Amino acid sequence: MTGSPGSAPDDREPAVMGRGRLGRWRDQAVALGWLVVVWSLLWGDINWANLLGGLLVGAAVLVFFPLPAVSFGGRLRPWALLVFAGRFAVELVSASLHVARIAVQPGYRPHGAIIAVRLGVSTDLNLALTAEAVSLVPGTLVLEVDRDSGTLYLHVLDTHGPGDLDVARDRTLTVERRIVRAIGSTAELRHLDVTPPEKGTPP
């Protein structure tokens, strides 16, 4: 019968399937983009050869070693993403110089410590991106990720007391906030009580 309740789900099914396919393609594209970024940072140089190599390696990883489904319910904010990239580059250079100074300082033996940092947003995507961003900065290494509690266990180089551990925790949570500002959902922004920076304002 026309207009019967039983016919409505059939009419909506193609649209729902289309959105599902679109969401999977979008998630794959986001994963590929991050793999290219990580590949380029590992080589220490961003050029066309590294970008092309990152695309090939990333595509191979996604095809032969498929990642578990990670839903992306956020929204890409270009200005906040640019702020994240700029601050990340500054911290990368600063940490590299600090580690280099430690390496060449005669007789100096730095002390390390292991700390636990519980993130505000415990989604798989946020855990992965925050862990990657923190690990890429010299002097900090992610040892373990507790998926259930959303906790990162980090090894921090060159600590002198509890104050340095607090600084490392705050720095990790700041990285998380920048990531959520850049690609997080509105609900995640409210959960962390942050707002995406507008153009021309500091993060």
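First, a word on what this report is: a plain description of the structure on this page. Values in this document were obtained by computation on a predicted structure and should not be read as measured data.

### Focus on the overall build of the protein
Across its full length, the protein holds six helices and three strands. What you see in the protein, going N to C, is helices and strands ordered as α-α-α-β-α-β-β-α-α. Across the 203 residues in the protein, those meeting the buried criterion constitute 28%. Long-range contacts, defined as pairs at least 24 residues apart, comprise 69% of the intrachain contacts of the protein with a sequence gap of at least 6. If you sum the accessible surface of the protein, you get close to 13,100 Å²; carbon and sulfur atoms cover 64% of it.

### Let's talk about the side chain of glutamate 176
Among the secondary structure elements, glutamate 176 is positioned in helix α5 (residues 162-183). Buried charge glutamate 176 goes without a salt bridge, the closest partner of opposite sign being arginine 177 at 6.2 Å. With residues near it in sequence (within four places) discarded, glutamate 176 still touches Leu119, Gly120, Val121, Asn126, Thr130 and Leu192.

### Examining the packing of helix α3 (residues 78-104) against α5
In contact at an axis separation of 8 Å, α3 and α5 are set at 155° when each is read in the N-to-C sense. Judged by the inter-axis angle, α3 sits roughly antiparallel to α5. Once α3 is placed against α5, the crossing between them reads as left-handed. Counted together, Ala80, Leu81, Phe84, Arg87 and Glu91 of α3 and Val175, Arg178, Ile179, Arg181 and Ala182 of α5 form the full contact between these two elements. Of the residues contributing to the contact of α3 with α5, the split by class is six nonpolar, no polar and four charged.

### Structural notes on α5
The end-to-end C-alpha distance of α5, which contains 22 residues, comes to 32 Å, matching closely the 32 Å that a straight helix rising 1.5 Å per residue would cover. Three or more residues of α5 are buried, namely Ala168, Thr172, Val175, Glu176, Arg178, Ile179, Val180, Arg181, Ala182 and Ile183. The elements touched by buried residues of α5 are α3, β1 (113-118), α4 (124-135), β3 (151-156) and α6 (186-192).

### Details of the sheet that holds β1
With antiparallel pairing, the three strands of this open sheet are ordered in space as β1-β3-β2. In this open sheet, the two strands that pair with only one neighbour each are β1 and β2 (140-146). Taken over all neighbouring pairs, the strand axes of this sheet differ in orientation by 25° on average, direction set aside. Examined bridge by bridge, β1 and β3 share six bridges and lie antiparallel to one another. Along β3, the bridge assignment pairs arginine 118 with threonine 151. Against the sheet, α4 contacts β2 and β3, and its axis sits at roughly 160° relative to β2. Packing of α5 onto the sheet brings it into contact with β1, β2 and β3, and relative to β1 it is tilted by some 40°.

Reading guide: rules and limits
Residues numbered from 1 in each chain as written. Predicted model: local features only at pLDDT ≥ 70, side-chain atom pairs only at ≥ 80, totals over all residues. Heavy atoms only, no water. Helix = DSSP H or I, 4+ residues; strand = E, 2+ residues; numbered from the N terminus. Buried < 20%, exposed > 50% of the residue type's maximum accessible area, 1.4 Å probe, protein only. Contact = heavy atoms within 4.5 Å. Areas by Shrake-Rupley, 256 points an atom, 1.4 Å probe, with all protein chains shown as cover. Lys, Arg positive; Asp, Glu negative; His and termini not counted. Salt bridge = Lys/Arg side-chain N within 4 Å of Asp/Glu carboxyl O. Axes fitted to C-alpha atoms, helices over the stretch in contact; angles between N-to-C directions. Parallel < 35°, antiparallel > 145°, perpendicular 65-115°, else oblique. Left-handed = near helix turned anticlockwise from the far one by under 90°. Nonpolar A, V, L, I, M, F, W, Y, C, P; charged D, E, K, R; others polar. Expected span 1.5 Å × (residues − 1). Pairing = 2+ DSSP bridges.

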